[in-house]
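Chain residues, written in single-letter form:
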Amino acid sequence: MGCPWPNPGSCVLLLLLLPLHPPLQVRATHPDCSIVLYFQEREDECLEAIRSESQTQSPSGQRGCRTAWDGVSCWPAMPVGQSYAVACPDVPHVFKKSKALIHRNCTEVGWSPPSPPYYSACELEAVGSSNSTEAKRGYFITMKVLYTCGYSTSLAALFLAIGIFSCFRKLHCTRNSIHIHFFTSFILRGAAVLIKDAILFSDESVDHCTMSTVKCKASIAFVQYSVLANFYWLLVEGMYLQTLLLLTFTSDRSYIWWYILIGWGVPMLTVCVWVVTRLQYDDHGCWDDYSSPYWWVIKAPILLAIFVNFLIFLNVTRMLAQKIRSPDISKNYKQQYMRLTKSTLLLIPLFGVHYVVFALFPEHIGVDARLYFELVLGSYQGFLVALLYCFLNGEVQAEIKRNWGKWQSSMESNVFYMATQDFTA
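Residue positions are given per chain, counting from 1 as you read along its sequence in written order. Where local features are concerned, this predicted model is filtered to residues with pLDDT of at least 70; where side-chain atom pairs are given and counted, the filter is 80 or more; whole-chain, interface and lining totals use all residues. Excluding hydrogens and water, the side-chain values take into account all heavy atoms of the structure.

- Going by an unreviewed UniProt entry, the protein carries the name Growth hormone-releasing hormone receptor and comes from Pavo cristatus.
- UniProt positions are given in the numbering used here, feature names are shortened, and annotations may be inferred rather than shown by experiment. The record held by UniProt for the protein lists under Function (unreviewed entry) the comment "Receptor for GRF, coupled to G proteins which activate adenylyl cyclase. Stimulates somatotroph cell growth, growth hormone gene transcription and growth hormone secretion."
- Under the UniProt heading Sequence similarities (unreviewed entry), the note attached to the protein is "Belongs to the G-protein coupled receptor 2 family."

Here it is as structure tokens:
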């Protein structure tokens, strides 16, 4: 596609404008790429017309100009001596509104140059200086560094928490098994984001607007699976807490496989449906176009999980108040309820509120706030979960202290034994 402006700098300016404006309604595209794809679609339509025209023979003796694409507009076939006019491209926030028409005449030697030229008829909207463009680029680089640090911190904390729950036998129970699955979903989420970045942004020469590889789509599907698993294992945490309060004397091990089916199975089924839907009806780009209507295949189950968790939140609060007031419940049971409840009841609204708020607004509204909440703060959620369920858990702290005391006593005994052996020798 050639540059229709005499100064190539005008084309560079147009390209700099592209990512800084709201999306056009061109299929379901990533906002930063929608303007590029606007012109790409027009070019594809024009090239299709040119191919169709080349397959049909023109009447003998009739001379004229064939259909042509000049990089901005498509000029249909015309007989010699006739002219054709087009309006400026209808691209809001890139071109100023203008009623001017661009004319081209079909001559004996082909199409005449556009009159008036595009650069005078279609004036570009004012755009920030190169400093503002560099500032925006620096902002996104900073954002990427922050959430990369966040996910790395979360991964380290989550692996340590899983190791603690796995190493100490006294911590082996259904409650902590559910915590381990919850931690694992966050590990998958952090790994999925880092893998996605490695695939999408490792090569700056790749055109992300038209990138549509299997690796790229698979990385996006993996991210969605891990996010779904996050919300459904939080739902399982809420369900387990409610079951613990409702069925005090029932073995909770009988429910563990149902919890696993909900936590891992429902997200897998949802992502499979979403992948098949995209392959069948919307298989273009890298599947990261959040304006696609098929995105609700992912959104709806997450909103359902948040809604159910909110109902559990209300019900558990009510039941907990009754349990604490009851004289029949022992002090140990009350402490167990409070320990698990404080963590779970904090996480349910913490994880759900911002998703509900952003899910109900179009993707181009509140982009900076959305990025900050979903990427930067979201990257530290795994660390927060490990902190609440493991590092601040009194049961875990007591077990670590007990084993640390045993290890110190063992070391002192060994040192004393070796010293006495040396003395007697």
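More follows now that the structure is in view.
Comments concerning the UniProt feature "transmembrane region" (unreviewed entry) in the protein
- Taking the numbering used here, the UniProt-annotated feature "transmembrane region" (unreviewed entry) corresponds to residues 145-168, 180-201, 231-249, 256-276, 296-316, 344-365 and 371-392.
- Helix makes up 100% of residues 256-276 and strand 0%. Its end C-alpha atoms lie 30 Å apart.
- Summarising residues 296-316: 100% helix, 0% strand, and an end-to-end C-alpha distance of 29 Å. Each helix is a run of DSSP H or I of at least 4 residues and each strand a run of E of at least 2, with the numbering of both proceeding from the N terminus.

So, a nonpolar patch on the surface
- Two distance rules govern patches: like charges are joined within 9 Å, and nonpolar side chains (Val, Leu, Ile, Met, Phe, Trp, Tyr) within 5 Å, applied only to residues with over 30% relative accessible area and no salt bridge. Here the open area of atoms and residues is found with the Shrake-Rupley method and a 1.4 Å probe, where only the protein chains shown may cover a residue. Any carboxyl oxygen of Asp or Glu that lies within 4 Å of a side-chain nitrogen of Lys or Arg is treated as forming a salt bridge with it. A surface patch of nonpolar side chains, amounting to about 500 Å² of accessible area, comprises Leu-304, Phe-307, Phe-310, Leu-311 and Leu-314.
- By the element assignment, Leu-311 lies in helix α8 (residues 296-325).
- Any residue under 20% of the maximum accessible area for its type is buried, any over 50% is exposed, and the rest in between are partly exposed; the area is computed with a 1.4 Å probe on protein chains only. With a relative accessible area of 44%, Leu-311 lands in the partly exposed category.

Points about the nonpolar core
- Here the nonpolar core consists of buried residues drawn from Ala, Val, Leu, Ile, Met, Phe, Trp, Tyr and Cys, with membership extended through side-chain atoms lying within 4.5 Å. Judged by nonpolar contacts, the single largest core of 57 residues is most densely connected at Phe-183 and Trp-233.
- The greatest single-element share of this core, amounting to 18 residues, is contributed by helix α6 (residues 214-246).
- For Trp-233, the residues in contact, after removing those within four places along its chain, are Ile-178, His-181, Phe-182, Ser-185, Tyr-259, Ile-260, Gly-263 and Trp-264.
- One finds Val-91, Ile-102, Cys-106 and Cys-122 within the second-largest nonpolar core, a separate group that totals 16 residues. By definition in these notes, contact holds between two residues if any of their heavy atoms fall within 4.5 Å.

Quick notes on the state of the cysteines
- Throughout, disulfides are identified as pairs of cysteine sulfur atoms within 2.5 Å of each other. Considering all chains together, one arrives at four disulfides under this definition.
- The disulfide partner of Cys-46 is Cys-74, and the gap between their sulfur atoms is 2.1 Å. Residues Cys-46 and Cys-74 share a disulfide whose torsion about the S-S bond is about 75°; that sign makes it right-handed. Placement of the pair is Cys-46 in helix α2 (residues 34-55) and Cys-74 in strand β3 (residues 74-75), with a sequence separation of 28 residues.
- A sulfur-sulfur separation of 1.2 Å characterises the disulfide bridge that pairs Cys-216 with Cys-286. Residues Cys-216 and Cys-286 are joined through a disulfide that is left-handed, its torsion about the S-S bond being -125°. Taken together, the residues span a long stretch of sequence, with Cys-216 in helix α6 and Cys-286 in the loop between α7 (256-281) and α8 at a distance of 70 residues. Both residues of the pair, Cys-216 and Cys-286, belong to the buried class.

Quick notes on the packing of helix α5 (residues 174-201) against helix α11 (residues 381-391)
- For the pair α5 and α11, interaxial distance at closest approach is 10 Å and the crossing angle is 165°. With respect to their mutual orientation, α5 and α11 come out roughly antiparallel. The crossing of α5 and α11 is left-handed. Mapping the contact onto sequence places His-179, Phe-182, Phe-183, Phe-186 and Arg-189 in α5 and Gln-381, Gly-382, Val-385, Ala-386, Tyr-389 and Cys-390 in α11.
- Following the grouping adopted for this structure description, the nonpolar residues are Ala, Val, Leu, Ile, Met, Phe, Trp, Tyr, Cys and Pro, the charged ones are Asp, Glu, Lys and Arg, and the polar ones are all others, Gly among them. Residue classes in the contact of α5 with α11 are distributed as seven nonpolar, three polar and one charged. What counts as an axis is a line fitted to C-alpha atoms, over the stretch in contact for a helix, and the angles between N-to-C directions run from 0 to 180 degrees. By definition in this entry, angles of less than 35 degrees are roughly parallel, angles greater than 145 are roughly antiparallel, angles of 65 to 115 are roughly perpendicular, and the rest are oblique. With the far helix as reference, a near helix turned anticlockwise by less than a right angle produces a left-handed crossing, and one turned clockwise produces a right-handed crossing.

Looking at the sheet that holds strand β6 (residues 101-107)
- Strand pairing is defined by DSSP finding a minimum of two bridges between the two strands. Here three strands make up an open sheet; going across it, the order is β5-β6-β7 and the pairing antiparallel. The sheet terminates laterally at β5 (83-87) and β7 (110-111), the two strands that pair on one side only.
- For β6 and β7, the ladder comprises two bridges, and the chain directions are antiparallel. Its bridge partner being in β7, Thr-107 is matched across the sheet by Gly-110.

Describing the pairing of β6
- Only one face of β6 is buried: it carries Ile-102, Arg-104 and Cys-106, and the other face, with Leu-101, His-103, Asn-105 and Thr-107, is open.
- Following β6, the chain reverses through two residues before pairing antiparallel with β7.

Observations concerning the packing of aromatic side chains
- Each aromatic pair joins two rings of Phe, Tyr and Trp (for Trp, the six-membered one) with centres within 6.5 Å, and gets the label stacked for planes under 30 degrees apart, edge-to-face for over 60, and tilted for any other angle. Under the defined criterion, the tally for this structure stands at 13 aromatic pairs.
- Geometrically, the ring pair formed by Phe-182 and Tyr-389 is edge-to-face, given 6.2 Å between the ring centres and 70° between the ring planes. Here the residue Phe-182 occupies a position in helix α5, and Tyr-389 occupies one in helix α11, the gap between them amounting to 207 residues. For the pair Phe-182 and Tyr-389, a shared accessibility class is recorded, and that class is buried.
- In textbook terms, an aromatic cluster arises when at least three aromatic residues are bridged by ring pairs, as seen for Trp-75, Tyr-84 and Trp-111.
- In this analysis the charged atom, NZ for Lys or CZ for Arg, is taken to sit over a ring once it is within 6 Å of the ring centre and within 35 degrees of the ring normal. Lying across the ring of Trp-296, Lys-299 places its NZ or CZ 4.9 Å from the centre.

Digging into the environment of Ala-218
- With respect to the helices, strands and loops of the structure, Ala-218 is situated in helix α6.
- A residue is classified by how much of its surface remains accessible, and Ala-218, at 43% relative accessible area, is partly exposed.
- Each C-alpha atom of the pair Ala-218 and Trp-287 lies 9.2 Å from the other, and the pair is 69 residues apart in sequence.

Overview of the pattern of salt bridges
- If you walk through the whole model with that rule in mind, you get eight salt bridges.
- With a shortest N-O distance of 3.8 Å, Asp-70 and Arg-104 are connected by a salt bridge. A residue pair is termed long-range when its members are at least 10 positions apart, and Asp-70 in the loop between β2 (68-69) and β3 and Arg-104 in strand β6 qualify at 34 residues. With respect to class, Asp-70 is no different from Arg-104; both count as buried.
- The salt bridge partner of Lys-217 is Asp-283, with a shortest N-O separation of 2.5 Å. Here the residue Lys-217 occupies a position in helix α6, and Asp-283 occupies one in the loop between α7 and α8, the gap between them amounting to 66 residues.

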